[in-house]
Amino acid sequence: MASGIVKLVVPELDLLATVLRTALTKNFKQVCVEVVESPDLSKQPWGLAARGLNGNCQIADVGGVDNLHYVENNFASFRMSDIAKTVGVANGFLMGPGAGSAPILKVCSELMANTKLDGTCLSKYAIVQPDGSYRQADYPHNEVGVLANLLVSEGMPGKVLHVKASERIGPLNFVSCMRQSLIEHFTEAHMAVGMAGVFQIKTGAIKAHVMPDFPKHDMLNATVVEKWLRFYEMHAPLTCLSVLVSHDHQKLGLRMEHTHFFSDHGDGGHYHHDITPADVDYEGYFVPAEAVHRIGPPHIDPARTCFFS
């Protein structure tokens, strides 16, 4: 099932804390990054399907955007149990952004995967409705659609990075700022670092998108995709599931950062950035991953060309 595995550098948490703190301080007025014992993330306000993030932490990069761009690939799907077995964490905890299964939902959707395969499924999805509004709903299925970027772990408590940042003063969003810090610090050839976690946007508003239903034609450039997506302003509190990787040295077509969110008030979708920098307040917990597994990349006729290739 896997087409490539990237062994990641796993820095000491204290070093990662310093790297993240240095970068975030340039982008946010208030910053705190420390190494702590994870709280019970199954409790509110986090609402995860497992108590923690730790234990054999792997990143699964599943499918890809070309499954969206080409009509022939729109109904690609992957069982979460197969993904977990492929990365070596059978019956694991899977958490992160993706797309819901089109064979199940019969429509394109944003997925917030959040499930423990031997127990609780708390995943959600968001769709665009015929009137142009969006709707978030429960997703009681252990299958992802055209793409997903997932933390797969044993879902255990343990040492984690506790990251807080508020009052944005720089140009980068919360996730991009952290990823940029990894790029700038871990510069040796073929060195890559990956992280995943859950964070809350406690106050403020964000720019988000929700994918509408699949188009009837291939989408071969960025302008077409921009016109197809539906953008919205959404409001805190929001719970975000995020995966990021510093480098793709092997050119496997990795998604370098990806974040989706859900809420108790019906807002859910793909996070772009906050739009209220003076009021925004982020808090989250993150762990480094041991490897990235490239699973089921899109199959495209090599005679065809695409803007995104």
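In what follows, the structure referred to is the one given above.
Residues numbered from 1 in each chain as written. Predicted model: local features only at pLDDT ≥ 70, side-chain atom pairs only at ≥ 80, totals over all residues. Heavy atoms only, no water.

Our focus in this paragraph is unusual backbone geometry. With omega at 10°, the peptide bond leading from Gln44 into Pro45 counts as cis. With respect to the helices and strands, Pro45 occurs in the loop between strand S2 (28–37) and strand S3 (58–63). The residue after Ala236, namely Pro237, is reached through a cis peptide bond having omega 0°. With respect to the helices, strands and loops of the structure, Pro237 is situated in the loop between strand S13 (230–235) and strand S14 (238–245). You will see that Lys106, though not glycine, has its phi angle at about 65°, which is positive. One can find Lys106 in the loop between helix H4 (102–105) and strand S6 (110–116). The class of Lys106 is exposed, set by a relative accessible area of 58%. (Helix = DSSP H or I, 4+ residues; strand = E, 2+ residues; numbered from the N terminus. Buried < 20%, exposed > 50% of the residue type's maximum accessible area, 1.4 Å probe, protein only.)

Right, let's get into the packing of aromatic side chains. Counted under the stated rule, the structure contains 13 aromatic pairs. With a centroid separation of 6.3 Å and an interplanar angle of 25°, the aromatic rings of Phe199 and Phe286 are classed as stacked. Remark: Phe286 occurs in strand S17 (residues 281–288) and Phe199 occurs in strand S11 (residues 194–203); sequence separation between them is 87 residues. Overall, Phe286 belongs to the buried group, its relative accessible area being 0%. Of the aromatic side chains, those joined through ring pairs into one cluster are Phe28, Phe174, Phe199, Tyr271, Tyr282 and Phe286. (Phe/Tyr/Trp six-rings, centres within 6.5 Å; stacked < 30°, edge-to-face > 60°.)

It is worth spelling out the nonpolar core at this point. One broad rule of soluble globular proteins: the nonpolar side chains tend to lie buried together. Counting residues in hydrophobic clusters, the biggest one holds 66 residues, and the most contacted among them are Leu24, Leu53, Leu161, Val163, Phe174 and Ile201. Sequence-distant contacts of Leu24, that is, excluding residues within four places in its chain, are made with Val31, Val33, Val163, Phe174, Cys177 and Met178. Ile83, Ala84, Val87 and Val107 belong to the second largest nonpolar core, which has 23 residues in total. (Core = buried A, V, L, I, M, F, W, Y, C linked by side-chain atoms within 4.5 Å. Contact = heavy atoms within 4.5 Å.)

In terms of burial, strand S18 (residues 291–295) is a largely internal element, five of the five residues being buried. Judged by which residues are buried, S18 turns out to be covered on both faces: Ala291, His293 and Ile295 on one side and Val292 and Arg294 on the other are all buried. As paired strands, S3 and S18 are joined by five bridges and run parallel to one another. Bridging from a neighbouring strand, Gln58 pairs with Ala291 of S18. (Pairing = 2+ DSSP bridges.)

What follows concerns the sheet that holds S17. In space, the nine strands of this open sheet follow the order S2-S10-S17-S11-S14-S15-S16-S12-S13, with antiparallel pairing throughout. This sheet does not close on itself; its edge strands, each paired only once, are S2 and S13. Adjacent strand axes in the sheet meet at a mean angle of 30°, parallel and antiparallel pairs treated alike. One ladder, built from six bridges, connects strand S10 (residues 159–168) with S17; its direction is antiparallel. Counterpart to His162 in the pairing with S17 is Tyr285. Its contacts with the sheet place helix H1 (residues 13–27) against S2, S10, S11 and S17, and it is angled at close to 165° to S2. (Axes fitted to C-alpha atoms, helices over the stretch in contact; angles between N-to-C directions.)

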